[in-house]
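Reading the structure
Below, each chain spelled out in residue letters.
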Amino acid sequence: MDRTARISGFHRLSVSERLGKLQEFAALSDEEVALLNRRAHLDIETADRMIENVVGTFELPLGIATNLLINGKEYLVPLAVEESSVVAALSNAANMVRSGGGFFTTSTGPVMIAQIQLIDVPDPFGAKMKILERRDEVIAIANEQDPVLVSLGGGCKDIEVRVLDSEMGPMVITHLLVDTKDAMGGNAVNTMAEALARHIEAYTGGRVLLRILSNLADRRLVRARCLVKKDAIKGGESTVDAILFACAFADADPYRAATHNKGIMNGITPIVIATGNDSRAIEAGAHAYAARSGRYRALSRWEKTAEGDLEGTIEMPLAAGLIGGATALHPLAKVSLKVLGVTRAAELSEIMAACGLGQNLAALRALASEGIQRGHMSLHAKNIAMMAGAAGALIDKVAQRLVEDGKIRVDWAKKILEEFSRKS
Ligand code: MEV
């Protein structure tokens, strides 16, 4: 049977009904469902081996975005996030995008850059040439550090050498370009850079200082595109035009671009966390890439087609892996990957880019028409109700009253709670 991520009314189901649908979609075992249904997924012994000075674990809600159609494949997307309306916004945007056939993605392949900093060289341009003359030897030494990666077809494929003019004088920066296959690859490339330090010193007579990957992973780019038929957007072509103005604002102004890009990361970071990847690395790469022209700009573009429909595109670095690190250790990260049904790191990164673009669409559509607060605050009302002390069935009742009264504030929620307790 063909499976679909278009599950109408998913948000109205109970948690256990949703789990039933998810189990069916992703062929989860009863154990995997039990794991999702359990508290404290990460046992304290595992947590204690992951970082230092552990005193506990910290949980986040895990939600499922529906309706994602990417390169013709149906996806339910797990999002670990604290912010209300992110999951609903992505599901809604993905539904709009289906009007144009879903998202279409490509990527350059998982090539990471490791940097080796050489200082104390009187002849930086000569040093650059001396390193490049030994390109094959440099690649061979790098690859000796990771025979497993090489046996899988990955490893160091090329080098580049730059002379950098810095406030401390010229320095020579060697880049190792390493295909890390399905790993994020941080450890692999750092090991290669460290192993090469003494060789680079021997070739040049200089001194190697830093040896570390670059989070500006601009050889590991992902791209996504989507088309939204104007009739599938509330407000039609006038909303399309308003979105173009919103996009132009972001591209012209770093103050707006930061928020625009934050909205994109709303679709990406929660998947990064749900799959045990490094959110700081991916955020750093995204923002550095947004500033690559010398000015911080929007990561996405929205255009109007000849037919008056809305077309969105995004290109950004996305260093996410399927193996290693927390992805291998966190039990829920493995379940998230199974829900996504991904088999390659590139596919995972492309899903993230598509969801970033989808989240951006949802935000711009709302901002360019009724504003963000209506949708945002009605979901946020439940949080406010809980903050005021509501529990169980009272959460929804208080939240509904907050929305009706148009006062989504903790003090107001407390008043409503008092009112309810007087009545009961
Ligand atoms: C809120 O988390 C994200 C937005 O601010 C994004 C945007 O302004 O584009 C709504």
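To keep things clear, this report deals only with the structure shown in the data block.

Turning our attention to the layout of surface pockets. Size it by volume and the second largest pocket reaches roughly 220 Å³. Along its surface, the second largest pocket is lined by 14 residues, and Arg292, Ala298, Leu299, Arg301 and Glu315 are the ones closest to its centre. Looking at the lining of the second largest pocket, the elements with two or more residues in it are β8 (221–228), α11 (279–290), β9 (300–304) and β10 (310–317). With three residues, the top contributor of residues to the lining of the second largest pocket is β10. Of the residues contributing to the lining of the second largest pocket, the split by class is six nonpolar, three polar and five charged.

In this section: helix α5 (residues 124–133). Where α5 is concerned, the buried positions are Pro124, Ala127 and Ile131. Down the axis of α5, the buried side of the element spans an arc of 55 degrees, and every buried residue falls inside it. Seen from the open side of α5, the exposed residues pointing more than 90 degrees away from its buried face are Phe125 and Glu133. Elements in contact with the buried residues of α5: β4 (111–119), α6 (135–144), β5 (155–166), β6 (169–179) and α8 (186–204).

Overall, the coordinates contain 26 salt bridges when judged by the stated rule. Two residues, Arg219 and Glu160, come together in a salt bridge whose shortest N-O distance is 2.9 Å. Of this pair, Arg219 sits in the loop between β7 (207–213) and β8 while Glu160 sits in strand β5; the two residues are 59 residues apart in sequence, bridging distant segments of the chain. When salt bridges with common partners are traced through the structure, they connect Arg401, Asp405, Glu419 and Lys423 into a single cluster.

Basis of the calculations
Residues numbered from 1 in each chain as written. Predicted model: local features only at pLDDT ≥ 70, side-chain atom pairs only at ≥ 80, totals over all residues. Heavy atoms only, no water. 1 Å grid on protein atoms, 1.4 Å probe; cavity = no way out; pocket = protein on both sides within 12 Å on 5 of 7 lines; lining within 4 Å. Points joined across faces, edges and corners; volume = space filled by probe spheres on them. Helix = DSSP H or I, 4+ residues; strand = E, 2+ residues; numbered from the N terminus. Nonpolar A, V, L, I, M, F, W, Y, C, P; charged D, E, K, R; others polar. Buried < 20%, exposed > 50% of the residue type's maximum accessible area, 1.4 Å probe, protein only. Arc of directions from axis to C-beta. Contact = heavy atoms within 4.5 Å. Salt bridge = Lys/Arg side-chain N within 4 Å of Asp/Glu carboxyl O.

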